Amino acid sequence: MTDPKPLRLLAEEAEDLKIIAAAVQDAVVKAGNLKYEKRDRRFAVELNRYRWETAPRRKGQPGERVRALLAFDGVLDVKTRGITKADPELILSLLSAEFTPDAEPPGGKVTLLFAGDGEIVLTVEALDGTLLDSGYVWPTRHVPSHERRKR
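Residues numbered from 1 in each chain as written. Predicted model: local features only at pLDDT ≥ 70, side-chain atom pairs only at ≥ 80, totals over all residues. Heavy atoms only, no water.

### Side note on the packing of aromatic side chains
Evaluation of the coordinates by the stated rule reveals 2 aromatic pairs. Judged by centre distance (4.8 Å) and plane angle (65°), the ring pair of Tyr50 and Trp52 falls under edge-to-face. The class for Trp52 is partly exposed, based on a relative accessible area of 30%. (Phe/Tyr/Trp six-rings, centres within 6.5 Å; stacked < 30°, edge-to-face > 60°. Buried < 20%, exposed > 50% of the residue type's maximum accessible area, 1.4 Å probe, protein only.)

Here it is in structure tokens:
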């Protein structure tokens, strides 16, 4: 089997962001890797995403993680809830990303939801998101699971 090519995804509509959200679900992020460049109106997150597209089909087989960059341009404002950069080594788990358009398009809000009720809301001029994988891939035995544990 050949190695899959690194993902290069763009989001200009809410449906596009749903595809990126599926790819970054369960990505882990260090708090210190959340960056807002106000002058450039850019918000970027360096993350380690689980490669769902290459997930093992059988239990016990290792999966893969890849270093990636999730970025949004045209960011006018950033609000956080339940997230602090006081400890830059704090690990956050990204659960979802979604876009809510304003009443007057093309602007709106991008919401990044993290485990433990953490949230980042980006006010954007228009949806302009990018997900770029690097070539740095490594195996992992930990496959993210959303199923409830049985007692």
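### Description of the nonpolar core
Within the largest apolar cluster, 30 residues are counted, with the highest numbers of intra-cluster contacts made by Leu17, Leu47, Phe72, Val110 and Leu112. At the level of secondary structure, the elements contributing two or more residues to this core comprise α1 (14-24), β2 (27-30), β4 (42-50), β5 (63-73), β7 (91-101), β8 (108-114) and β9 (118-124). For Val110, the contacting residues outside a window of four places in its chain are Leu17, Phe72, Glu98, Phe99, Ile120, Val121, Leu122, Val124 and Leu127. (Core = buried A, V, L, I, M, F, W, Y, C linked by side-chain atoms within 4.5 Å. Helix = DSSP H or I, 4+ residues; strand = E, 2+ residues; numbered from the N terminus. Contact = heavy atoms within 4.5 Å.)

### Considering unusual backbone geometry
Here Pro105 and Pro106 are connected by a cis peptide whose omega angle stands at 10°. The topology assignment puts Pro106 in the loop between β7 and β8. Despite not being glycine, Asp26 has its phi angle at roughly 75°, a positive value. Note that Asp26 resides in the loop between α1 and β2. When its relative accessible area of 7% is taken as the criterion, Asp26 is described as buried. With a phi close to 70°, Asp117 is a non-glycine residue in the positive phi region.

### Focus: the pattern of salt bridges
If you walk through the whole model with that rule in mind, you get 11 salt bridges. Between Glu125 and Arg41 there is a salt bridge whose closest N-O contact spans 2.9 Å. Taken together, the positions of Glu125 in the loop between β9 and β10 (129-140) and Arg41 in the loop between β3 (34-37) and β4 put the pair 84 residues apart, joining distant regions of the chain. For Glu125, a relative accessible area of 36% puts it in the partly exposed group. Using a relative accessible area of 35% as the deciding quantity, one classes Arg41 as partly exposed. Between Arg51 and Glu64 there is a salt bridge whose closest N-O contact spans 3.2 Å. Taken together, the positions of Arg51 in the loop between β4 and β5 and Glu64 in strand β5 put the pair 13 residues apart, joining distant regions of the chain. For Arg51, a relative accessible area of 4% corresponds to the buried category. (Salt bridge = Lys/Arg side-chain N within 4 Å of Asp/Glu carboxyl O.)

### A word on α1
Those residues of α1 that sit buried are Leu17, Ile20, Ala21, Ala23 and Val24. Buried positions in α1, seen along its axis, are confined to an arc of 160° and lie on one side of it. Relative to its buried face, α1 has exposed residues pointing more than 90 degrees away, namely Lys18 and Ile19. Phi turns positive, to about 75°, at Asp26, one or two residues after α1. (Arc of directions from axis to C-beta.)

Any functional reading would require information beyond the geometric quantities listed.
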